[in-house]
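# Descriptive analysis of the structure
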Amino acid sequence: MFLEHKSFYMNTLWQYGLQVVKYVLPLLVMPYLTRVLEPTGYAVYAYVVSFMSFAQAFVDFGFNLSGTRQIAIATDAGEQERIVGSITQARLILCVLTGFGCAAIALFIPMLRENALYATLAYLAVCGKALAPDFLFQGREKMGPLTSRYLISKGLSVILTFVFVHSSSDLLWVPTLDILASIVALVWSFISAKRLFGIGIAWVPICNAVSELKRSAYYCVTNMASVALSGVTTLVIGIAISDSAQVAYWSLAMSAINAVQSLYSPIINSLYPHMIIGGDFSFAKRLVLLSVPFVLIGSIIFYVGAELIILILGGEEYLPGVDVMRLLSPIVPLSFYAMFFGWPILGAVNRVKELTKTTVVSSVFGIAGLLVAWMSGNATIGAFCIARSITEALLCGLRVHECRKALRENMSPSKCE
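Within every chain, residues take consecutive numbers counted from 1 along the sequence as written. With the structure being a predicted model, the display of local features is reserved for residues of pLDDT at least 70 and the display and counting of side-chain atom pairs for 80 or more, all residues being used for whole-chain, interface and lining totals. To get the side-chain values, take all heavy atoms of the structure and skip hydrogens and water.

### Observations concerning the overall build of the chain
From N to C terminus, the chain includes 19 helices and zero strands. In this setup the radius of gyration rests on C-alpha atoms only. A globule is expected at 2.2 Å times the number of residues raised to 0.38. Compactness check: the chain gives a C-alpha radius of gyration of 22 Å against a globular reference of 22 Å for 417 residues, within 12% of the reference. Viewed in the frame of its principal axes, the chain has a C-alpha envelope of about 55 × 45 × 35 Å. For the exposure calls, accessible area comes from a 1.4 Å probe over protein chains only, and a residue counts as buried if that area is under 20% of its type's maximum, exposed if over 50%, partly exposed in between. Taking all 417 residues of the chain together, 49% fall into the buried category. Residue pairs at least 24 apart in sequence account for 86% of intrachain contacts in the chain once pairs closer than 6 positions are excluded. Exposure was quantified through the Shrake-Rupley algorithm and a 1.4 Å probe, taking into account, for residues, occlusion by the shown protein chains and nothing else. Only carbon and sulfur atoms are counted for the fraction: they give 69% of the accessible area of the chain, which is about 19,700 Å². His residues and chain termini do not enter the charge count, which takes Lys and Arg as positive and Asp and Glu as negative. We put the charge of a Lys on NZ, of an Arg on CZ, of an Asp on CG and of a Glu on CD. Averaging the positions of the 28 positive and the 23 negative side-chain charges in the chain gives two centres separated by 8 Å. Secondary structure elements are defined from DSSP: runs of H or I of at least 4 residues count as helices, runs of E of at least 2 residues count as strands, and each element is numbered from the N terminus. We call two residues in contact whenever any of their non-hydrogen atoms come within 4.5 Å of each other.

### Structural notes on the side chain of Ser291
Looking at the secondary structure, you find Ser291 in helix α12 (residues 281-304). Overall, the relative accessible area of 10% leaves Ser291 in the buried class. Here a polar contact is taken to be a pair of N or O atoms separated by no more than 3.5 Å, where protein atoms must pair a possible hydrogen donor with a possible acceptor and residues adjacent in sequence count only if both atoms sit in side chains. Within polar-contact distance, the side chain of Ser291 engages the backbone oxygen of Val288 at 2.7 Å. In contact with Ser291, not counting residues within four places along its chain, are Phe336 and Tyr337.

### Section: the packing of aromatic side chains
Two rings from Phe, Tyr or Trp (for Trp, the six-membered ring) form a pair when their centres are within 6.5 Å of each other. A pair whose planes differ by under 30 degrees is stacked, one over 60 is edge-to-face, and the rest are tilted. The final tally for this structure, using the stated rule, is 13 aromatic pairs. With a centroid separation of 5.7 Å and an interplanar angle of 55°, the aromatic rings of Phe137 and Phe197 are classed as tilted. Note that Phe137 is positioned in helix α7 (residues 134-139) and Phe197 in helix α9 (residues 173-197), a separation of 60 residues in sequence. An identical accessibility class is assigned to Phe137 and Phe197; each is buried. Ring geometry for Tyr264 against Phe336: centres 5.0 Å apart, planes inclined by 70°, an arrangement best described as edge-to-face. Taken as a pair, Tyr264 in helix α11 (residues 244-278) and Phe336 in helix α15 (residues 331-340) lie far apart in primary sequence, 72 residues in all. Summarising the burial analysis for this pair, Tyr264 and Phe336 share the class buried. Joined through ring pairs, the aromatic side chains of Tyr264, Phe336, Tyr337, Phe340 and Phe341 make up one cluster.

### So, the nonpolar core
Throughout this description, the term nonpolar core refers to a set of buried Ala, Val, Leu, Ile, Met, Phe, Trp, Tyr and Cys residues connected via side-chain atoms within 4.5 Å. In terms of nonpolar packing, the biggest core is built from 58 residues, with Trp250, Leu328, Phe340, Ile345 and Phe384 touching the most fellow members. The element contributing the most residues to this core is α11, with 14 residues. Setting aside anything within four residues of it in sequence, one finds Phe384 in contact with Val236, Ile237, Ala240, Ile241, Trp250, Leu370, Ala373 and Ala379.

### Examining the confidence of the model for the chain
Known as pLDDT, the predictor's confidence for each residue is given on a scale from 0 to 100. In this model, the chain carries a mean pLDDT of 86, and residues with pLDDT of at least 70 account for 96%. In the model, residues 412-417 has pLDDT below 50 throughout and makes seven contacts with residues more than four positions away in sequence or in other chains.

### Quick look at unusual backbone geometry
Most peptide bonds take the trans form, and the phi angle of most residues other than glycine is negative. The phi torsion at Glu141 lies on the positive side, around 55°, for a residue other than glycine. By the secondary structure assignment, Glu141 is in the loop between α7 and α8 (144-164). A relative accessible area of 12% places Glu141 in the buried class. The phi angle at Asn350 is positive, at roughly 60°, despite the residue not being glycine.

So this is what it looks like as structure tokens:
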């Protein structure tokens, strides 16, 4: 079994290595920036980072999912080069359009308008990251170069941050170094693609790029629906809850859950292309059964150890938020299976529309629940925690239902057993 699915296990290990690096490097630089930039400079940095996360979602447009699928099923290197070319051109179009959109929005946001050069440089770094052909390595089940690339490019940026950024007057160095890191990552990616696969960019007619945008639209909608749920939840809580301490408890609890979910990502990201290429759903079934005790034990530890987790992450002043974390704890097991039955299963059998529907329906349900609680005068952190957990349960249930239906309709008995 190990040799048969060796690529999955190796990619999962590389993905976990990437997750570790992504956590360690920011931990090295974040405390430094908070001190040298001082509150005023750090506020600009933090706000622009938050704003650019939405821009990143638009520029990415789900290509790391749709592109991964296309690369996985492509028959030869020439076809893969055309895929890389058409997606790269589509991303360039998105970079231009999203740039105009960000500029228009920035006119109405004082912090962006007053720091226009900083925001522009930060956006260029976003575009540089988006142009890297990560989907090529994911589709070919070769994740090692992505981990090495991130370590080198981000590590260089971190080192140079300590060299050039010493006060708030050096603020512009931060996005400039991000641009440098994105250029290094971009060059590294294409050199690795040529060396490992003999694949470059085949420039194609513009209509091919437009076709890629149409094909990836459902993938983008799925991602944006999740972002919308998170964004609206944060917005409603910020408006409806006057007690800032309660808001802080929610934020800390969600940060802990996001940290747990980051442990799921390597498995999901590795399984998605593996299932597209191999289509061995009996292997996926074994993974589900194997995961049950680990997920349950982890969930119990999260619930029972909520007090210790809060002490580690926030300190004693956050201990009143233990109940908030425990009310949100059902998300821990539910989100794993919602992710597992999402792209690795529904995506692998090309049920992207159905997958998108599950995300949109559950997100709309969650947002509606938040608004009803707010407008009916029941806006408490406890109510929002319960609504968020129910939304995750709905998402998981819908995806399991769609998965069972898809496998029953399209898979042969031998593959389902």
